[in-house]
Amino acid sequence: MKTILDEATRDGLIARAKTLNVASKPQWGKMSIDQMLKHAILADEMYLGEKVYKRHFLGYLLGRPILKAILKDEAPMRRNAKTSPEFIVTETGGNVETEKAKWISVLERYANYDNPEFTHWFFGKMTKEQVGQLAYKHVDHHLRQFNS
């Protein structure tokens, strides 16, 4: 299973992210490129332990089996997956190059990942291996969304 914690895999994601630009259009969903970049930054800062979000009630009931299903194989995340309201970016018109540079900087921080107490807002407590795999799938999902 691919993981963002692997240097070569992470470098591949960063190379794909570098191809994003103001003309990048979504293949699905409602987010613009600048909204997606902000959304991705929020998610990766959470995985890295820089931001903490409260668990959602439904996650206590369904989080573990859904995480297991997502991480069972290499299949990409499904399109239009639900997210927490904290990760929905409504403002538009951000500077794509600035946000892209910030996202790449955040992605590079996975090289020193150390968040053993990580608890996902929906899936709950996760191992380092699970975080690496889920973070990879999330980044890959949004790069695919913008055809990168």
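Bear in mind the structure is a predicted one, so any value in this text is a computation, not a measurement.

This paragraph deals with the packing of helix H2 (residues 33-47) against helix H5 (residues 128-145). Running from N to C, H2 and H5 point in directions that differ by 175°, and their axes come no closer than 11 Å. The angle between the axes of H2 and H5 places the two elements in the roughly antiparallel class. Every residue of H5 that contacts H2 at Met36, His39, Ala40, Ala43, Asp44 and Tyr47 is listed here: Val131, Leu134, Ala135, His138, Val139, His142 and Gln145. Grouping the amino acids of the contact of H2 with H5 by side-chain chemistry returns eight nonpolar, four polar and one charged.

Within this structure, the stated rule accounts for six aromatic pairs. Relative to Phe118, the ring of Tyr47 lies with its centre 5.6 Å away and its plane at 50°, an arrangement referred to as tilted. In this pair, Tyr47 sits in helix H2 while Phe118 sits in the loop between helix H4 (96-108) and strand E1 (119-120), placing the two residues 71 residues apart along the sequence. You can call Tyr47 buried: its relative accessible area is 3%. Chaining the aromatic ring pairs together yields one cluster made of Tyr53, Phe87, Trp121, Phe122 and Phe123. The aromatic ring of Tyr60 is capped on one face by Arg55, whose charged end is 4.1 Å from the ring centroid.

Conventions adopted
- Residues numbered from 1 in each chain as written.
- Predicted model: local features only at pLDDT ≥ 70, side-chain atom pairs only at ≥ 80, totals over all residues.
- Heavy atoms only, no water.
- Axes fitted to C-alpha atoms, helices over the stretch in contact; angles between N-to-C directions.
- Helix = DSSP H or I, 4+ residues; strand = E, 2+ residues; numbered from the N terminus.
- Parallel < 35°, antiparallel > 145°, perpendicular 65-115°, else oblique.
- Contact = heavy atoms within 4.5 Å.
- Nonpolar A, V, L, I, M, F, W, Y, C, P; charged D, E, K, R; others polar.
- Phe/Tyr/Trp six-rings, centres within 6.5 Å; stacked < 30°, edge-to-face > 60°.
- Buried < 20%, exposed > 50% of the residue type's maximum accessible area, 1.4 Å probe, protein only.
- Lys NZ or Arg CZ within 6 Å of the ring centre and 35° of its normal.

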